[in-house]
Amino acid sequence: MTETETRSSASPAATTPSYGGSVITAGDPRFASVLHGYNQRFVADVDYVCVPADTQEVVDAVGRAVAEGKRVTVRSGGHGYEGTASTGGGVLIDLSELTEVSFDRERRAFALQPGATLGDVYRRLYKRWGVTLPAGEGTEVGIGGHLAGGGFGPLTRRFGAIVDYLCAVEVVVVDADGRARVIVATDEPGDPHRDLWWAHTGGGGGNFGVVTRYWLRTPGATSTDPGELLPRAPVRWRNGIVAWPWDTMTEQAFVRLLRDFGGWFERNSEPGSAGANLTGFFGASHRSGGVIVVGALIDDDIPGAEQLMNAFFDEVSEKVGVAPVSRSTDDVLPWLYFFTFPNRGEPGDIATRRFKLKSAYMRTAYTEQQSAAAYRHLCTDGDKPLTLILIGYGGQVNTVAPDATAVAQRDSILKAAFLSAWSDERDDDAHIADLRAIYHDVYAQTGGVPVPNEHNDGAYINYPDRDLADPEWNTSGVPWSTLYYKHNYPRLQQVKKRYDPRNEFHHALSIELPD
């Protein structure tokens with residue numbers, strides 16, 4: 001069976017259905033707290049919040065919202081960085097209490113509910129079965145949106161994209177007549193709902209319905225042993241870092257560092273190669289932050305792990321011409337401790353949670369002109385919370401055809417993140433302007449955005465950026481949908497037409513119905 005015939009009893013013309021889950025309204029003392037996601041720039045503007053405890057309650061909540069003529073938005077971990085899933089009125093369906101992580105023997109796959117955080121997923125998979133997934137570092141990020149948008153992390157170069165492990169998905173959708181129902185869509189070639197499965201392998205959250213469960217296993221795995229159906233988790237995790245002082249970093253040295261950092265990934269991202277076992281990152285905050293860093297991470301049980309890390313640091317740093325202030329390669333921690341340490345990978349902190357994020361896929365190292373542009377913005381006067389981060393990608397990710405999943409970027413070697421995080425609402429305009437300026441100038445040759453070409457390959461939908469849909473900031477003539485989805489966008493539109501024909505699930509960067 002690929003479809004579960006669970007329907008809401010209501011249509012817009014019928015009596016509004018009852019909802020058995022928790023409903024939090026403006027008169028409830030909990031209301032103010034549940035309106036906030038991670039980015040404090042955005043507070044949900046909704047009539048009420050539903051907190052379902054199971055799939056049927058999601059069906060009922062969606063059915064009730066549609067019957068009332070209210071917009072439906074969805075949140076799992078609350079890390080929708082651009083506020084696209086929580087503003088504009090209507091009903092917010094908060095999936096944070098759907099946290100199951102289990103093994104489904106019938107499907108021979110691991111079942112994850114969308115409210116489970118990455119920290120939960122790592123802990124439960126490891127403690128019960130010794131396995132893991134190539135997911136991200138933000139321990140409080142919900143798996144719901146992370147997976148739908150094609151999440152990645154420190155194990156991605158070695159094991160591939162997390163969406164490549166998705167074998168089935170359970171989704172609450174709304175028919176043309178306004179009835180909510182549950183569909184289980186799989187990757188099986190004969191499944192009539194296979195396109196709905198495909199759309200959730202990187203199509204982004206909040207587009208087609210409400211995901212209530214994912215099933216994952218290693219592609220092609222035939223075992224019935226849970227310990228053989230996902231990658232075995234590392235035992236020890238080695239971390240290394242090299243830091244340079246900003247006060248001695250010239251433009252020439254900065255450009256050279258970025259060239260050699262990117263060049264290493266150009267030469268060491270072949271799937272299955274020794275270099276693909278190591279991931280790394282480049283981090284340059286504004287000059288007021290004091291240092292520039294290059295980091296590396298690797299499973300310490302891989303033969304020659306420490307030597308590979310040292311070779312990476314040697315190659316990246318030997319021609320910079322500026323002596324580092326520190327270098328370390330001997331920080332080895334138990335894998336689970338490292339991957340579940342609180343708030344890993346999170347922008348800001350409890351007091352600094354206003355931020356904006358921009359992204360790009362990189363096929364090559366930055367050109368000299370791009371690196372020089374970044375340097376100029378990072379060296380301006382003042383104290384600015386501006387950061388450029390480049391993160392290792394490629395490797396096993398690039399073994400999959402660009403149309404096999406909704407993630408079309410299958411020959412990149414790095415991801416870029418441009419980030420600003422601050423605490424005071426009064427600083428919003430200034431810090432957003434600084435971020436827009438550096439991003440625009442780095443991609444000045446392609447209209448201020450990373451238009452796919454020999455160097456760039458578009459943007460990452462899990463770091464949504466409304467500016468890509470704004471002609472003031474995207475002067476390339478290339479639509480935002482192409483930057484995120486490339487040639488896969490028309491197919492995503494057809495899935496949208498079939499499973500959300502009324503466009504009940506929409507936001508500022510949602511898949512649009514075809515003309």
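Just so you know, these numbers come straight off a predicted model, no measurement behind them. (Residues numbered from 1 in each chain as written. Predicted model: local features only at pLDDT ≥ 70, side-chain atom pairs only at ≥ 80, totals over all residues. Heavy atoms only, no water.)

What to know about the sheet that holds strand E15 (residues 354-362)
Selection rule: The pairing criterion for strands is at least two bridges between them, as found by DSSP. In this text, helices come from DSSP runs of H or I with a minimum length of four residues, and strands from runs of E with a minimum of two, each type numbered from the N-terminal end. To get an axis, fit a line to the C-alpha atoms, keeping to the stretch in contact for a helix; angles then go from 0 to 180 degrees between the N-to-C directions.
Reading across the sheet, the seven strands line up as E14-E11-E13-E12-E16-E17-E15 and stay open at both edges, with antiparallel pairing between neighbours. Because the sheet does not close on itself, it has two edges, and the strands there are strand E14 (326-334) and E15. Strand after strand, the sheet turns through a mean of 15 degrees between neighbouring axes, direction not considered. Two elements, strand E11 (residues 236-245) and E14, share seven bridges in a ladder whose sense is antiparallel.

Some details on the pairing of strand E5 (residues 91-94)
Definition in use: Any residue under 20% of the maximum accessible area for its type is buried, any over 50% is exposed, and the rest in between are partly exposed; the area is computed with a 1.4 Å probe on protein chains only.
Neither face of E5 is exposed, since Val-91 and Ile-93 on one face and Leu-92 and Asp-94 on the opposite face are all buried. Across three bridges, strand E3 (residues 48-51) lies against E5 in parallel orientation. For Tyr-48, the partnering residue across the bridge sits in E5 and is Val-91. Two strands pair when backbone bridges link them, and strand E4 (residues 72-75) and E5 are joined in this way by four bridges, in the parallel orientation. Within E5, the residue paired with Arg-75 across the bridge is Asp-94.

Observations regarding helix H10 (residues 368-378)
Spelled out, the test is: Only heavy atoms matter for contacts: two residues are in contact if any of them lie within 4.5 Å across the pair.
Buried residues dominate H10, accounting for eight of its eleven residues. Buried within H10 we find Gln-370, Ser-371, Ala-372, Ala-373, Ala-374, Tyr-375, His-377 and Leu-378. Next to the buried residues of H10 lie helix H7 (251-267), strand E12 (279-285), strand E16 (386-392) and helix H11 (428-442).

Notes on the confidence of the model for the protein chain
Which entries qualify depends on this criterion: Per-residue confidence from the prediction method is given by pLDDT, with values spanning 0 to 100.
Of all residues in the protein chain, 94% have pLDDT values of 70 or greater, and the mean over the chain is 93. When the criterion is pLDDT under 50, residues 11-16 qualifies, and its contacts beyond four places in sequence or with other chains add up to 13 contacts.

A word on the packing of H7 against helix H8 (residues 305-317)
Relative placement of two packed helices is described by the angle separating their axes and the distance separating the axes. Note the following rule: Each angle gets one of four labels, with under 35 degrees taken as roughly parallel, over 145 as roughly antiparallel, 65 to 115 as roughly perpendicular, and the rest as oblique. Classification used: nonpolar for Ala, Val, Leu, Ile, Met, Phe, Trp, Tyr, Cys and Pro, charged for Asp, Glu, Lys and Arg, polar for all others including Gly.
Their axes nearest at 8 Å, the elements H7 and H8 cross at an angle of 135 degrees. In terms of orientation, H7 lies oblique with respect to H8. Residues Leu-257, Asp-260, Phe-261, Trp-264, Phe-265 and Arg-267 of H7 form the contact with H8, whose own contacting residues are Phe-312, Glu-315 and Val-316. Of the residues in the contact of H7 with H8, the class split is six nonpolar, no polar and three charged.

Things to note about the nonpolar core
What counts, and what does not: We define the nonpolar core as a collection of buried residues of types Ala, Val, Leu, Ile, Met, Phe, Trp, Tyr and Cys that are connected through side-chain atoms lying within 4.5 Å of one another.
In terms of nonpolar packing, the biggest core is built from 124 residues, with Met-249, Phe-254, Phe-282, Phe-312 and Phe-418 touching the most fellow members. Apart from residues lying up to four places away in sequence, Phe-254 is in contact with Trp-246, Met-249, Phe-282, Ala-284, Ile-292, Ser-371, Ala-374, Tyr-375 and Leu-378. Ranked by size, the runner-up nonpolar core spans 20 residues in total, among them Val-59, Ala-61, Val-74 and Ala-180.

Focus: the side chain of Asn-239
Looking at the secondary structure, you find Asn-239 in strand E11. Its relative accessible area of 10% is what places Asn-239 among the buried residues. Not counting residues up to four positions away in its chain, the partners in contact with Asn-239 are Ala-296, Leu-297, Met-309, Ser-328, Thr-329, Asp-330, Asp-331, Leu-333 and Phe-338.

A word on H8
What counts, and what does not: A helix is expected to span 1.5 Å for every residue after the first. The directions from the helix axis to the C-beta atoms form the arc being described.
Over its 13 residues, H8 runs 19 Å from end to end, which matches the ideal 18 Å to within 8%, given 1.5 Å per residue. Of the residues making up H8, those classed as buried are Ala-305, Leu-308, Met-309, Phe-312, Phe-313, Val-316 and Ser-317. For H8, the angular spread of the buried residues around the axis is 150 degrees, confining them to a single face. On its buried face, H8 sits against E11, H7, strand E13 (291-299) and E14.

Comments concerning the packing of H7 against H10
Let me state the cut-off plainly: Crossings are sorted by hand: turned counterclockwise from the far helix by less than a right angle, the near helix makes the crossing left-handed, and turned clockwise it makes it right-handed.
Between H7 and H10, the shortest axis-to-axis distance is 9 Å and the interhelical angle comes to 125 degrees. Our classification of the angle between H7 and H10 gives oblique. Handedness of the H7/H10 crossing: right-handed. Mapping the contact onto sequence places Glu-251, Phe-254, Val-255, Leu-258 and Arg-259 in H7 and Glu-368, Ser-371, Ala-372, Ala-374, Tyr-375 and Leu-378 in H10. Each residue belonging to the contact of H7 with H10 can be placed in one class, and the counts come to seven nonpolar, one polar and three charged.

Brief notes about the packing of aromatic side chains
For clarity, the threshold we go by: Stacked, tilted and edge-to-face are the three classes applied to pairs of Phe, Tyr and Trp rings, where Trp contributes its six-membered ring and a pair requires centres within 6.5 Å; stacked means planes under 30 degrees apart, edge-to-face means over 60, and tilted covers the rest. Two conditions define a charge located above a ring, namely a distance within 6 Å from the ring centre to NZ of Lys or CZ of Arg, and an angle within 35 degrees of the ring normal.
Counted by the stated rule, this structure contains 37 aromatic pairs. Linked through ring pairs, Trp-246, Phe-254, Phe-261, Trp-264, Phe-265, Phe-282, Phe-312, Phe-313 and Tyr-375 together constitute an aromatic cluster. Cation over ring: Arg-107 sits above Trp-215, and NZ or CZ is 4.6 Å from the ring centre.

Thoughts on the pattern of salt bridges
Proximity of charged atoms lets side chains of opposite charge pair with each other. The condition that has to hold: By convention in these notes, a salt bridge is any Lys or Arg side-chain nitrogen within 4 Å of a carboxyl oxygen on Asp or Glu.
Scanning the entire structure with this criterion turns up 33 salt bridges. As a salt-bridge pair, Asp-28 and Arg-30 come within 2.8 Å of each other at their nearest N and O atoms. Taking relative accessible area as the criterion, Arg-30 reaches 40% and is therefore assigned partly exposed. The shortest N-O distance in the salt bridge between Arg-363 and Asp-411 comes to 2.9 Å. Here Arg-363, found in the loop between E15 and H10, pairs with Asp-411, found in the loop between E16 and strand E17 (414-422); they are 48 residues apart in sequence, far enough to count as distant. Residue Arg-363 is classed as partly exposed on the basis of its relative accessible area of 22%. One network of salt bridges, with partners in common, ties together Arg-41, Glu-82, Lys-356, Lys-358, Arg-436, Asp-465 and Asp-467.

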